[in-house]
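# Structural characterization, general
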Amino acid sequence: FTQLIDSTRWICSINFSTQKISKIIPCLKGSEDFALFDKDNFIQGNQSKLFNFNAATMKDWKEIADFKNQGVSSIKRIVINKSNSKIAFVNDVSTP
């Protein structure tokens, strides 16, 4: 889930046994939707780009795709299928 902490939106996790919330990584500026395709790998969109973050091996987001040439300008909702072979996202054309 995401949570706004001290003016920064974070991707967080919660330990249901202890109710402890842990910050994982700040969301990309202006973004909050993300998809998780295994316990450590996160995908988040920002404008026309998709980014990956691996919590076990990376310290920051890495750009993995740019869909600007396909007319994408505002990636919002993201989903990954159960076999982790396809990603779908919404391009919010109402966002300037």
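A brief structural summary. (Residues numbered from 1 in each chain as written. Predicted model: local features only at pLDDT ≥ 70, side-chain atom pairs only at ≥ 80, totals over all residues. Heavy atoms only, no water.)

### Structural notes on the sheet that holds strand S7 (residues 62-66)
- Read across the sheet, four strands follow the order S4-S5-S6-S7 without closing on themselves; strand pairing throughout is antiparallel. Each having just a single partner strand, strand S4 (34-36) and S7 make up the two edges of the open sheet. Strand-to-strand twist of the sheet, defined as the mean angle between neighbouring strand axes without regard to direction, takes the value 25°.
- Sheet analysis places strand S5 (residues 41-46) next to strand S6 (residues 49-54), joined by six bridges and oriented antiparallel. Bridge pairing in S6 places Asn46 opposite Lys49. (Pairing = 2+ DSSP bridges. Helix = DSSP H or I, 4+ residues; strand = E, 2+ residues; numbered from the N terminus. Axes fitted to C-alpha atoms, helices over the stretch in contact; angles between N-to-C directions.)

### Brief notes about unusual backbone geometry
- Of note, the phi angle at Asp6 is positive, near 50°, even though the residue is not glycine.
- Locating Asp6 in the fold gives a position in the loop between strand S1 (2-5) and strand S2 (8-15).
- Taking the relative accessible area as the measure of exposure, Asp6 reaches 74% and is therefore exposed.
- Within the chain, Asn84 stands out as a residue other than glycine whose phi angle is a positive 60°.
- By the element assignment, Asn84 lies in the loop between strand S8 (75-80) and strand S9 (87-91). (Buried < 20%, exposed > 50% of the residue type's maximum accessible area, 1.4 Å probe, protein only.)

### Structural notes on the sheet that holds S2
- In space, the three strands of this open sheet follow the order S1-S2-S3, with antiparallel pairing throughout. The open sheet has two free edges, formed respectively by S1 and strand S3 (20-26), since each of these has just one partner strand. The mean angle between the axes of side-by-side strands here comes to 50°, regardless of whether they run parallel or antiparallel.
- With four bridges connecting them, S1 and S2 associate as antiparallel partners. Bridge pairing in S2 links Gln3 to Trp10.

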